Amino acid sequence: MFNRSMLLPPPPNDWASATRVFGARSFSIDYKNNCFEKDGKPFQYISGSMHYSRVPHYYWKDRLQKMYMAGLNAIQTYVPWNFHEEQQGVYNFSGHRDLEHFLDLANQTGLLVILRPGPYICAEWEMGGLPAWLLQKPNIVLRSADTDYLGAVNSWMAVLLPKMKRWLYTNGGNIISVQVENEYGSYYACDYNYMRHLRTLFQLFLGENTVLFTTDGNTDKEMTCGSLEGMYATIDFGTGERRISQAFSRQRRFEPRGPLVNSEFYTGWLDHWGDQHAEVDTQKVSTMLGEMLSMGASVNMYMFEGGTNFGYWNGADHDNRFRSVVTSYDYNAPLSEAGDPTEKLLTIQDTIRKFREIPEGPMPPASSKMAYGFVTLTMVGELNRLLDTLCPQGPVKSQYPLSFEEMKQFYGFMLYRTKLPRDLPENTALISPLNGVRDRAYVSVNGVFQGILERDVTLVMNITGKQGDQIDVLVENMGRVNFGSKINDRKASLHSKQTDILWDWLIFPLNIDEAIASGWPQSGMRRSTPTPIRGPSTGPVFYQGTLAPNGLAWDTFLRLTDWTKGQVWINGVNLGRYWPKRGPQQTLYVPGPLLSPTQPNNITVLELEGAPPHTRVVFLDRPQLSSTANLCCKQHMVKSPPRKQGWSSVFRKAEDNVMVLTVLMWFI
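Note that the structure is a prediction, hence the values are computed from the model and not measured. (Residues numbered from 1 in each chain as written. Predicted model: local features only at pLDDT ≥ 70, side-chain atom pairs only at ≥ 80, totals over all residues. Heavy atoms only, no water.)

J.: Hey, could you run me through the pairing of strand 28 (residues 587-590) in this one?
T.: A regular strand carries its side chains on alternate faces of the sheet. What you see with strand 28 is no split at all: Thr587 and Tyr589 on one side and Leu588 and Val590 on the other are buried throughout. By the bridge criterion, four bridges tie strand 25 (residues 556-559) to strand 28 in an arrangement that is antiparallel. Its bridge partner being in strand 28, Leu558 is matched across the sheet by Leu588. (Buried < 20%, exposed > 50% of the residue type's maximum accessible area, 1.4 Å probe, protein only. Helix = DSSP H or I, 4+ residues; strand = E, 2+ residues; numbered from the N terminus. Pairing = 2+ DSSP bridges.)

Pasting the structure below:
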């Protein structure tokens, strides 16, 4: 039998007294009574997911307090490996990456922690949290007992896990359990040697008594490949599961005794560009949560606070086509992207109140919002005319285009430049067969924008020109695949052994973020910065402007009405991607502390296709995450030829072509 005392953590800032009351701190699985045991007593957790990497560190405490006041006694968080080791051997645990500070704030708030350190995490995060530098090994097999992969994993865990050991509940901290890998049963490798290695590694650094667990989807295949003796097998499912008892019966086939656990109970869902905004019915979430809690199950709600994929951190899916995840990770969660309590939170709180005492006191309020109004931007210049600023070290010369990974440019953009080998007086097909563009290519001839090649969407475009004309191909990494068999998602790897190809490339790895973070273009201190010009242009172009201070630095939402697609920086911080034309997301979240209440706030926009004539942006006091006019429609369907048609048909159908230029992009 479960009672409310099983759900109560020690009050905030009172861990010492908890130790005195219960004696030696302990957390374990009670197989006899089918529950967790904490300090010698039965324990059931009600948890919610929050990813510290998606919430600015100055808002961590606010979000944690709201989760605690909602009635949770635990939180669950991922540790993205690539967030802390972007460059191999260089570790960053400061600022927004200060994981131990996050754990400490949770501890002070009175929340236990369920830690999910990977090494793979999925999470709709870039490459599922795996660092892209792993792909510099051409034959590496990710998430397996591959020697190169395990060597990198060993080095990372030797840094991370010792930091985590002192935060274990049994050592005076608040981590009660640690997940090994993530939904491994959904991966094709099904490598038990890999999972055994991880189990040994985690036990080595955390101790053999630490509660290790796995999480897998609700199928026999996933549970079979994802579970392993010595790590407690848990399951995940959402409101689409009609019979809760049937789902838990699958867990029981792999864990006949012990607590029932739903490690990912989905309160919402993610969005891809071109999707409708996902919503999950509040009443269904609340009802199913109540049913699971009444069964004595421990439940983690994924997500409770979604947050934002700032910068380039969004992931992507690839089932029948590549689909990039949007910048917002609002997830239709109980706490909004901006951390505001929603009706869903209040309904969930009422459900939790039936099973445990809710902490006394008011729920912390929503953050203050401000509609700062319109700002008109001016054109700084076309990207291909700013290379001295954006790539001060100069280009790399190569007969063939090199991939992002080969260039050690793991995120963002690279520009590839070459010359036409002969005159093209008539429309000539520029082709990327084998679905080679990874992920979007913006093509110019002699500085004049010609059009776009897009992975799985547009594989052919026509160009004209003269021999010796300059071709620029700006390639955008839209985020690496984070789930499934295609996570070894190398970007813009170009190679060809065919005739009529483009050779002798200059490759510019663009360090746009560093340039903007150091004050460009507003500072005027960099080279190759033309006099700002009013008015729009087509192709990749930078724009800049300033938001005048008004004495307040409140949260706001940036809308780029009639703009097409690009990237935005505020005061040097990369907010992420915008793509209102495709949707569903229409606004970008701007945390208030990014703004200065007393100094002009710099706005920098890289528009990749075409800005509107008015070149205005507007700051609103509320988000717009859906657009019924921007559903996944016919214009977003794949434009490559049917498989039966073959590439020879494309060659024949190229309008009056005198030559077909082939840019073949694939991964060896």
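J.: Would you take a moment to explain the nonpolar core for this structure?
T.: Soluble, globular proteins show a tendency: their nonpolar side chains are buried together. The biggest cluster of nonpolar side chains holds 134 residues, and the ones touching the most others in it are Leu142, Tyr149, Leu510 and Phe542. At nine residues, the largest contribution of residues to this core is made by helix 5 (residues 147-165). Grouped together as the second largest cluster of nonpolar side chains are 24 residues, Met379, Tyr543, Leu547 and Leu588 included. (Core = buried A, V, L, I, M, F, W, Y, C linked by side-chain atoms within 4.5 Å.)

J.: Would you mind showing me how to read the sheet that holds strand 6 (residues 112-116) here?
T.: Within a sheet, each strand pairs with its neighbour through backbone hydrogen bonds, oriented either parallel or antiparallel. Around the barrel, eight strands lie side by side as 4-5-6-7-8-9-10-11; this closed barrel has parallel pairing. With strand direction ignored, the average angle separating the axes of adjacent strands in the sheet is 30 degrees. In terms of strand pairing, strand 8 (residues 212-217) meets strand 9 (residues 232-236) through five bridges, oriented parallel. For Thr214, the partnering residue across the bridge sits in strand 9 and is Ala233. Sheet strands touched by helix 9 (residues 282-294): strand 4 (46-50), strand 10 (261-266) and strand 11 (298-305). Its angle to strand 10, the strand with the most contacts, is close to 175 degrees. (Axes fitted to C-alpha atoms, helices over the stretch in contact; angles between N-to-C directions. Contact = heavy atoms within 4.5 Å.)

J.: What is the right way to look at the UniProt feature "active site" (unreviewed entry) in the chain in this model?
T.: Those places that UniProt annotates as "active site" (unreviewed entry) correspond, in this numbering, to Glu183 and Glu264. Considering the C-alpha atoms alone, the annotated residues occupy 82 residues of sequence yet fold into one spot, their largest mutual distance being 10.5 Å. Turning to its location among the elements, Glu183 is positioned in the loop between strand 7 (175-179) and helix 6 (192-206). Judged by its relative accessible area of 11%, Glu183 is buried. For Glu183, the contacting residues outside a window of four places in its chain are Arg143, Thr215, Asp216, Asp236, Glu264, Tyr266 and Phe483. Inspection of the secondary structure assignment puts Glu264 in strand 10. Given the relative accessible area of 4%, Glu264 is considered buried. Aside from chain neighbours lying at most four places away, what touches Glu264 is Tyr78, Arg116, Asn182, Glu183, Ile235, Asp236, Phe237, Asn300 and Tyr302. (UniProt positions renumbered as here; feature names shortened; annotations may be inferred.)

J.: What am I meant to see in the packing of aromatic side chains here?
T.: One pair of aromatic rings is described through two measures. These are the centre distance and the angle between the planes. What the rule picks out here adds up to 36 aromatic pairs. With a centroid separation of 5.5 Å and an interplanar angle of 80 degrees, the aromatic rings of Tyr302 and Tyr331 are classed as edge-to-face. Taken together, the residues span a long stretch of sequence, with Tyr302 in strand 11 and Tyr331 in the loop between strand 13 (322-324) and helix 10 (343-353) at a distance of 29 residues. Judged by its relative accessible area of 2%, Tyr302 falls in the buried class. Exposure remark for Tyr331: the relative accessible area of 3% places this residue in the buried category. Plain terms: the ring middles of Tyr400 and Trp503 are 5.3 Å apart, the flat faces sit at 40 degrees to each other, and that makes the pair tilted. Placement of the pair is Tyr400 in the loop between strand 16 (396-398) and strand 17 (413-419) and Trp503 in the loop between strand 22 (470-476) and strand 23 (505-509), with a sequence separation of 103 residues. Using a relative accessible area of 34% as the deciding quantity, one classes Trp503 as partly exposed. Each residue in the set Tyr52, Trp60, Phe83, Phe102, Trp125, Trp313 and Tyr411 is aromatic and connected to the rest through ring pairs, giving one cluster. Seen from the ring of Tyr329, Arg54 lies directly overhead, with NZ or CZ sitting 3.6 Å from the centre. (Phe/Tyr/Trp six-rings, centres within 6.5 Å; stacked < 30°, edge-to-face > 60°. Lys NZ or Arg CZ within 6 Å of the ring centre and 35° of its normal.)

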